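# Structure assessment
The lines below spell out each chain.
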Amino acid sequence: MICCSFAPLPVPALCSSGAGCKMNYQNCCLAQSNATADGSGLPVGSERPTGNKKQWNKSGVDEVKMVIMITGASHVGKTVLAQRMLEKNKYPYFSIDHLKMGLIRSGITDLTPEDDDELTDYLWPIVREIIKTAIENEQNLIVEGCYIPFDWRNNFEEQYLRWIRFICIAMSDEYIDSHFEEIKSHASDIETRLDDSYCTAEQLKQDNHQVIDGYRSNGEQITLITENYDDSIKEVFD
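Residues numbered from 1 in each chain as written. Predicted model: local features only at pLDDT ≥ 70, side-chain atom pairs only at ≥ 80, totals over all residues. Heavy atoms only, no water.

## Regarding the pattern of salt bridges
Going by this rule: A side-chain nitrogen of Lys or Arg and a carboxyl oxygen of Asp or Glu constitute a salt bridge if their distance falls within 4 Å. A run of H or I in DSSP becomes a helix once it reaches four residues, and a run of E becomes a strand once it reaches two; helices and strands are each numbered from the N terminus. The classification of residues rests on relative accessible area computed with a 1.4 Å probe and restricted to protein chains. Under 20% of the type maximum is buried, over 50% is exposed, and intermediate values are partly exposed.
The full count for this structure, using the stated rule, is 7 salt bridges. Across the pair Glu220 and Arg153 runs a salt bridge, and its minimum N-O distance is 2.7 Å. Of the two residues, Glu220 is situated in the loop between α6 (201-216) and β9 (223-225) and Arg153 in the loop between β7 (141-144) and α4 (158-161); the sequence distance between them amounts to 67 residues. Look at Arg153 and you get partly exposed, because its relative accessible area is 34%. Close ionic contact of Lys205 with Glu202 constitutes a salt bridge, the shortest N to O distance being 3.4 Å.

Pasting the structure below:
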């Protein structure tokens, strides 16, 4: 058994060996048969992790690890943005909707897809801990879905918040009025919606008002689509 001590990290992190060991934020002990001469468990000549959330990629370039949270009302293009970020950055993508339907269809919960408020209370603690785990493991992750509470920041300490990028997309009333049929036509661009009959212009406006008011009242910035979707999300995408 070899004990490897790291520089203090803001949150727990995996050892350089990649072993899934249990550890606190300063030290870890792992079973490792290929110990090096200095007893560090690291290849000879390599540097110890610094705790600054950077990882060396194969080309030797350091890259910042980050969790990107994408939220907003239904039909605003959250999944499209998440898919584009996945393709551009090669980050894993986690859909809260997939988690929701897995728990509902497996019978683990009696909630239904229509129970929005209850689903947020039910799903968020799971999603929150997934995000924390990704940060602790120094893994990139895109998390996308509706079920992120307006005051989500209150659930994270600063050492987690600094590695989270929050993106909220919303549509203006004018955009919905002038592009409603186009919005409906893009509803299944990434995922096939089995039933979209509930979607009306008035319902979209109501949902977007709720999202804008809720997140803004908690100090969050909103990416507001007013004329063109691609132009509006270009800044957050880049």
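## What about the side chain of Thr120?
Which entries qualify depends on this criterion: Any two residues having at least one pair of non-hydrogen atoms within 4.5 Å are treated as being in contact.
For Thr120, the position within the fold is in helix α3 (residues 116-136). We classify Thr120 as buried; its relative accessible area is 17%. In this view, Thr120 contacts Pro125, Tyr147 and Pro149; residues no more than four positions away in its chain are not counted.

## Here we look at the pairing of strand β8 (residues 164-171)
For clarity, the threshold we go by: For two strands to pair, DSSP has to find at least two bridges joining them.
In terms of burial, β8 is largely enclosed, as 7 of its 8 residues are buried. Both strand β5 (residues 67-72) and β8 contribute to a ladder of 6 bridges, which runs parallel. Bridge pairing in β8 places Gly72 opposite Ile169. Strand direction decides the pairing type here: β8 and β9, joined by 3 bridges, are parallel. Residue Met171 lies in a different strand from β9, and its bridge partner there is Ile225.

## Some details on the state of the cysteines
Applicable threshold: Cysteine sulfur atoms that pair up within 2.5 Å are treated as a disulfide.
Applying the stated criterion across every chain, the model contains 0 disulfides. A disulfide-free cysteine, Cys146 has its sulfur positioned 9.9 Å from the sulfur of Cys168, the nearest such atom. Looking at Cys146, the relative accessible area reads 31%, which means it is partly exposed. Taking relative accessible area as the criterion, Cys168 reaches 1% and is therefore assigned buried.

## Overview of α6
What counts is decided by this rule: For a helix, the expected span equals 1.5 Å multiplied by the number of residues minus one.
The terminal C-alpha atoms of α6 lie 22 Å apart, and with 16 residues this matches the ideal 22 Å at 1.5 Å per residue to within 8%. Every buried residue of α6 is accounted for by Ala201, Leu204, Lys205, Asn208, Val211, Ile212, Gly214 and Tyr215.

## Structural notes on the sheet that holds β5
The strands that make up a sheet are held in pairs by hydrogen bonds between backbone atoms, and each pair lies either parallel or antiparallel. What counts is decided by this rule: Orientation is described by lines fitted to C-alpha atoms, with helices fitted over the stretch in contact, and by angles between N-to-C directions that extend from 0 to 180 degrees.
Taking strand neighbours across the sheet as the criterion, the 5 strands line up as β6-β7-β5-β8-β9 in an open arrangement whose pairing is parallel. At either margin of the open sheet sits one strand with a lone partner, and together these are β6 (93-95) and β9. Averaged over neighbouring strand pairs, the angle between their axes works out to 20 degrees when direction is ignored. Running at roughly 170 degrees to β9, helix α7 (residues 229-237) makes contact with β8 and β9 of the sheet.

## Observations concerning the packing of helix α1 (residues 78-89) against α7
How we decide: Under this scheme an angle from 65 to 115 degrees is roughly perpendicular, one under 35 degrees roughly parallel, and one over 145 degrees roughly antiparallel; angles in between are oblique. Handedness of each helix crossing follows the sense of rotation of the near helix against the far helix: counterclockwise by less than a right angle gives left-handed, clockwise gives right-handed. Amino acids outside the nonpolar list (Ala, Val, Leu, Ile, Met, Phe, Trp, Tyr, Cys, Pro) and the charged list (Asp, Glu, Lys, Arg) are all regarded as polar, and Gly is one of them.
Two numbers describe how α1 lies on α7: the axes approach to 12 Å, and their chain directions differ by 45 degrees. The angle between α1 and α7 falls in the class oblique. Considering only the axes of α1 and α7, their crossing is right-handed. Every residue of α7 that contacts α1 at Val80, Leu81, Arg84, Met85 and Lys88 is listed here: Tyr229, Asp230, Ile233, Val236 and Phe237. The residue makeup of the contact of α1 with α7, split by class, is 7 nonpolar, no polar and 3 charged.

## Digging into the packing of helix α2 (residues 96-105) against α3
The N-to-C vectors of α2 and α3 enclose an angle of 110 degrees; their axes lie 11 Å apart at closest approach. In terms of their interaxial angle, α2 and α3 are classed as roughly perpendicular. With respect to the hand of their crossing, α2 and α3 are arranged in right-handed fashion. Across the interface between the two elements, Ile96, Leu99, Lys100, Leu103 and Ile104 from α2 touch Leu119, Tyr122, Leu123, Ile126 and Val127 from α3.

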